[in-house]
Amino acid sequence: MNDNLYFPAEWEQQSMVQLTWPHAGTDWADDLDEITETFLQLAELITRYERLLIVAPDTDATKRQLEERLTDEALSKVTFCQCPTNDTWARDHGALTLRDRESGNTRLLNFRFNGWGRKFEARLDNAINSHLAKAGILSAPMSSHDDFVLEGGAVESDGQGTVFTTSQCLLAPNRNQPLTRYGIEVQLQRRLHAQRIVWLDHGNLIGDDTDGHIDTIVRCAPDDTLLYVACDDASDEQYEDFQALQAQLRTLRTTDDMPYRLLPLPMPDAIYDEEERLPATYANFLVINGAVIVPTYAQPENDDRAAATIAQAFPSRDILRLDARTIIRQHGSIHCLTMQYY
């Protein structure tokens, strides 16, 4: 085992960000115009700062959409890969990266994606990483981990050997049974070269069909900082669970036995699709080179508080805002749609 390998923090230097483009054959069929506009806005923001990889079944059509919106300079930063896809959640079907502390070289880990515990069809999305490797777009060595189900949104790294996850997700049915919590922890440590795994047991957003991905509730930031969703409204049906999350976070210690710097993010006011509460969250922000893209929900007070809090955690980066109200209709947000490569 190479002890120099580690699972990098999101704020480390990146080479590109992946988007898997929406089309009529995805769950976005009824909202295709609106989500395509969101993707175009996201592409504009990313290409200001770094390269963009777009995976799509019809790259010619996607290029035409981008040519109408992006400058020539921005378009020069875009790489396309044509392959069939089931859906758009690059965070969960994308490959995870390991980096060598000495050389800086990277390796890619291709875990099995099974539609969040076989809730949705994922056969095509599970093959995307192989398409990218065969095309030479992902040029780092890639190892197959098809014997282990792991979505990128389920794990969060501080870049110093600590990986955070949630018990409600990784212990949920149809992922890695019959492995126990201890058995899963051993696998995460071995495959992600982690020194320790921190399990969080509370904070599952209503409407989240991932079984409680860590990237919807708690995120790492530099200098032993954790940003987390806080719920201060006792009338909110999620109040007790998120109070328990906050209490658990206050008990955590760094590897130096120090408390974490905790920065609470507001809970967005409830947003509904007919009678279904959607999993709106400010924790699902995206860190890119030089900037952080923050979800907004047309709630000025909450949006401003969230952006200001995230700016405290990332003071040297531009804070960009993107309306995420369309994205949450399919139960994800900005971070869920993207995957960084280093």
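As the structure is a prediction and not an experimental result, all values here were calculated from the model. (Residues numbered from 1 in each chain as written. Predicted model: local features only at pLDDT ≥ 70, side-chain atom pairs only at ≥ 80, totals over all residues. Heavy atoms only, no water.)

A.B. asks: Kindly report on the overall build of the protein chain, identifying the contributing residues and their values.
C.D. replies: When helices and strands are counted, the protein chain shows 11 helices and 19 strands. Against the compact-globule benchmark of 20 Å for 342 residues, the protein chain has a radius of gyration of 19 Å, which places it among compact chains. Once the C-alpha set of the protein chain is aligned to its principal axes, its extents read approximately 50 × 50 × 40 Å. The 342 residues of the protein chain split such that 60% are buried. (Helix = DSSP H or I, 4+ residues; strand = E, 2+ residues; numbered from the N terminus. Rg over C-alpha atoms; globule rule 2.2 N^0.38 Å. Buried < 20%, exposed > 50% of the residue type's maximum accessible area, 1.4 Å probe, protein only.)

A.B. asks: Talk me through the side chain of Thr-85; I want residue IDs and the actual numbers.
C.D. replies: By the element assignment, Thr-85 lies in the loop between β4 (78–82) and α4 (90–93). Owing to a relative accessible area of 6%, Thr-85 belongs among the buried residues under this scheme. Here His-23 takes part through its side chain, which lies 2.9 Å from a polar atom of the side chain of Thr-85. Once you skip the residues sitting within four places of it in the chain, Thr-85 turns out to touch Thr-20, His-23, Val-55, Pro-57, Leu-124, Asp-125 and Ile-128. (Polar contact = N/O pair within 3.5 Å; in protein donor to acceptor, adjacent residues only side chain to side chain. Contact = heavy atoms within 4.5 Å.)

A.B. asks: Just give me the short version of the sheet that holds strand β16 (residues 286–288), but keep the residues and values in it.
C.D. replies: An order of β16-β17-β18 is seen for the 3 strands of this open sheet, with the pairing classed as mixed. On the outer flanks of this sheet lie β16 and β18 (318–323), each paired with one strand and no other. Recorded for the sheet is a direction-independent mean angle of 25° between the axes of neighbouring strands. Alignment of strand β17 (residues 291–296) against β18, held across 6 bridges, turns out to be parallel. Its bridge partner being in β18, Pro-295 is matched across the sheet by Leu-322. On top of the sheet, helix α1 (residues 32–47) reaches β16, β17 and β18; it is set at about 170° to β18, its chief contact. (Pairing = 2+ DSSP bridges. Axes fitted to C-alpha atoms, helices over the stretch in contact; angles between N-to-C directions.)

A.B. asks: Outline helix α9 (residues 239–251), listing residues and values.
C.D. replies: Over its 13 residues, α9 extends 19 Å from the first C-alpha to the last, a length consistent with the 18 Å expected when each residue adds 1.5 Å. Taken together, the buried positions of α9 are occupied by Phe-242, Leu-245, Gln-246, Gln-248 and Leu-249. For α9, the arc enclosing every buried residue in end-on projection is 165°, short of the 170-degree limit, so these residues lie on one face. In this structure, α9 carries Glu-240, Arg-250 and Thr-251 as exposed residues pointing more than 90 degrees from its buried face. On its buried face, α9 sits against β10 (196–200), β11 (218–221), β12 (225–229) and β13 (261–265). (Expected span 1.5 Å × (residues − 1). Arc of directions from axis to C-beta.)

A.B. asks: A description of α1 should follow, citing residues and the corresponding values.
C.D. replies: The first and last C-alpha atoms of α1 sit 22 Å apart over 16 residues, in line with the 22 Å expected at 1.5 Å per residue. Residues of α1 that are buried include every one of Ile-35, Thr-36, Thr-38, Phe-39, Leu-40, Leu-42, Ala-43, Leu-45, Ile-46 and Thr-47, and no others.

A.B. asks: Kindly report on the nonpolar core, identifying the contributing residues and their values.
C.D. replies: Counting residues in each nonpolar core, the largest one holds 73 residues, and the members touching the most others are Val-218, Leu-227, Ile-293 and Phe-314. Those residues in contact with Leu-227 that sit more than four places away from it in its chain are Ile-217, Val-218, Arg-219, Ala-221, Leu-263, Leu-265, Phe-285, Thr-309, Ile-310, Ala-313 and Phe-314. Counting residues in each nonpolar core, the second largest holds 34 residues, with Cys-83, Ile-128, Leu-138 and Val-155 among its members. (Core = buried A, V, L, I, M, F, W, Y, C linked by side-chain atoms within 4.5 Å.)

A.B. asks: How would you sum up the pattern of salt bridges? Please name residues and give values.
C.D. replies: In the structure shown here, the tally under the stated rule is 17 salt bridges. The salt bridge partner of Arg-175 is Asp-211, with a shortest N-O separation of 2.5 Å. One end of the pair, Arg-175, is in the loop between α7 (167–170) and α8 (181–192); the other, Asp-211, is in the loop between β10 and β11, with 36 residues separating them in the sequence. On the basis of relative accessibility, which here comes to 17%, the residue Asp-211 falls in the buried class. Connected via shared salt-bridge partners are Lys-119, Glu-151, Arg-175 and Asp-211. (Salt bridge = Lys/Arg side-chain N within 4 Å of Asp/Glu carboxyl O.)

A.B. asks: Quick one: what's the story with unusual backbone geometry, residue by residue and with numbers?
C.D. replies: Note that the residue after Gln-177, namely Pro-178, is joined by a cis bond; omega there is 10°. Considering the arrangement of structural elements, one finds Pro-178 in the loop between α7 and α8. A positive phi angle, near 55°, is found at Trp-116, a position not held by glycine. With respect to the helices and strands, Trp-116 occurs in helix α5 (residues 115–118). Since its relative accessible area comes to 7%, Trp-116 is described here as buried.

A.B. asks: Let's hear about the environment of Ile-137: which residues, and what values?
C.D. replies: Inspection of the secondary structure puts Ile-137 in the loop between α6 (128–134) and β7 (142–149). Exposure remark for Ile-137: the relative accessible area of 18% places this residue in the buried category. Residues within four places of Ile-137 in sequence aside, it is in contact with Met-16, Leu-53, Thr-79, Phe-80, Cys-81 and Leu-132.

A.B. asks: Give me the packing of aromatic side chains: which residues, what numbers.
C.D. replies: Applying the stated criterion across every chain, the model contains 9 aromatic pairs. Here Trp-116 and Phe-120 contribute two aromatic rings whose centre-to-centre distance is 5.7 Å and whose plane-to-plane angle is 80°, an arrangement assigned as edge-to-face. On the basis of relative accessibility, which here comes to 34%, the residue Phe-120 falls in the partly exposed class. With 5.3 Å between their ring centres and 70° between their planes, Tyr-282 and Tyr-297 make a pair best called edge-to-face. With a gap of 15 residues between them, Tyr-282 in the loop between β15 (276–277) and β16 and Tyr-297 in the loop between β17 and α10 (300–313) connect regions that are remote in the sequence. Of the two residues, Tyr-282 and Tyr-297, neither departs from the other in class, the shared state being buried. A cation over a ring is seen here: Arg-101 above Tyr-6, with NZ or CZ 3.9 Å from the ring centre. (Phe/Tyr/Trp six-rings, centres within 6.5 Å; stacked < 30°, edge-to-face > 60°. Lys NZ or Arg CZ within 6 Å of the ring centre and 35° of its normal.)

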